[in-house]
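# Understanding the architecture of this molecule
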Amino acid sequence: MRPSARERHQHARDDAAALTQRDRQLIYQATGQQIGEGQAGAGWINSLAAAIAADRTAGRLAPGQEVTPAYLKDLSRRWDQAAPGRNPVAGYLEPALRYLSQRGDGNRLDVTA
């Protein structure tokens, strides 16, 4: 049975607790939404935050593994394949990539996770 939209949104909010500080900074720079540390169940989070949080929770992004330009492009590609024409992270891709390139350390390991 497919989870309802309400259940999916609740899981995304709960997954937000898995975001690293660097994830939160990237999300803020790309989307303008600030997500506090350990903010499980804290309300609506945008689709980029939900996707990164879900990948952290599922282990696709290991603890300490940085979000990189390659990861973001792959994330967007996965959405394009799963839901052609309805990619919820596509609008955040360019600002996120721009932020990572300005930060200049997208290949370093985040040990704060």
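All residue numbers here refer to positions counted from 1 along the written sequence of the relevant chain. Whole-chain, interface and lining totals are the exception, using all residues; otherwise, since this is a predicted model, local features are given only for residues with pLDDT of at least 70 and side-chain atom pairs are given and counted only at 80 or more. The side-chain figures draw on all heavy atoms in the structure; neither hydrogens nor water molecules are used.

## Thoughts on the environment of Trp79
Note the threshold: A helix here means a DSSP run of H or I that spans at least four residues, while a strand means a run of E at least two residues long, and both kinds are numbered starting from the N terminus. The criterion used for residue contact is that any of the two residues' heavy atoms lie within 4.5 Å.
Inspection of the secondary structure puts Trp79 in helix 4 (residues 69–82). For Trp79, the residues in contact, after removing those within four places along its chain, are Ala51, Pro84, Asn87, Pro88 and Val89.

## Some details on helix 3 (residues 47–58)
Here is the rule: To estimate the expected span of a helix, count its residues, drop one, and scale the result by 1.5 Å. When accessible area is computed with a 1.4 Å probe and restricted to protein chains, residues below 20% of their type maximum are described as buried, those above 50% as exposed, and intermediate ones as partly exposed.
The end-to-end C-alpha distance of helix 3 is 16 Å, a good match for the 16 Å that 12 residues give at a rise of 1.5 Å each. Of the positions making up helix 3, those classed as buried are Leu48, Ala49, Ala50, Ala51, Ile52, Ala53, Asp55 and Arg56. Directly after helix 3, the chain includes Gly59, whose backbone phi takes a positive value near 90°.

## Overview of the nonpolar core
Inclusion rule: What makes a nonpolar core is a set of buried Ala, Val, Leu, Ile, Met, Phe, Trp, Tyr and Cys residues whose side-chain atoms join them at distances within 4.5 Å.
Ile52 and Leu72 are the most contacted members of the largest nonpolar core, which has 24 residues in total. For this core, the secondary-structure elements that each account for two or more residues are helix 2 (21–31), helix 3, helix 4 and helix 5 (90–103). Ranked by residue count, the leading element in this core is helix 3, at six residues. If sequence neighbours within four positions are ignored, Leu72 has contacts with Leu48, Val67, Leu93, Ala96, Leu97 and Leu100.

## Regarding the confidence of the model for the protein
Spelled out, the test is: Every residue is assigned a pLDDT by the predictor, reflecting its confidence on a scale from 0 to 100.
Chain-level pLDDT for the protein is 81 on average; 74% of the residues reach the 70-or-more range. Segment residues 1–9 is flagged for pLDDT under 50; beyond a separation of four residues in sequence, or across chains, it makes one contact in the model. Scored below 50 in pLDDT, residues 109–113 makes 11 contacts in the model with residues more than four places away or belonging to other chains.

## So, the packing of helix 3 against helix 4
Which entries qualify depends on this criterion: Lines fitted to the C-alpha atoms define the axes, with helices restricted to the stretch that makes contact. Angles between their N-to-C directions range from 0 to 180 degrees. Every angle not falling under 35 degrees, over 145, or within 65 to 115 is termed oblique; those three ranges are roughly parallel, roughly antiparallel and roughly perpendicular. Residues are grouped as follows: Ala, Val, Leu, Ile, Met, Phe, Trp, Tyr, Cys and Pro are nonpolar; Asp, Glu, Lys and Arg are charged; all remaining types, including Gly, are polar.
Axis separation between helix 3 and helix 4 bottoms out at 12 Å; the angle between their running directions is 100°. With respect to each other, helix 3 and helix 4 are oriented roughly perpendicular. Of the residues in helix 4, those in contact with Leu48, Ala51, Ile52 and Asp55 of helix 3 are Tyr71, Leu72, Leu75, Arg78 and Trp79. The class makeup of the residues in the contact of helix 3 with helix 4 is seven nonpolar, no polar and two charged.

## Let's talk about the packing of helix 4 against helix 5
At a closest axis distance of 10 Å, the pairing of helix 4 and helix 5 adopts a crossing angle of 175°. Judged on the interaxial angle alone, helix 5 and helix 4 are roughly antiparallel. Of the residues in helix 5, those touching helix 4 at Pro69, Leu72, Lys73 and Ser76 are Ala90, Leu93, Ala96, Leu97 and Leu100. Residue classes in the contact of helix 4 with helix 5 are distributed as seven nonpolar, one polar and one charged.

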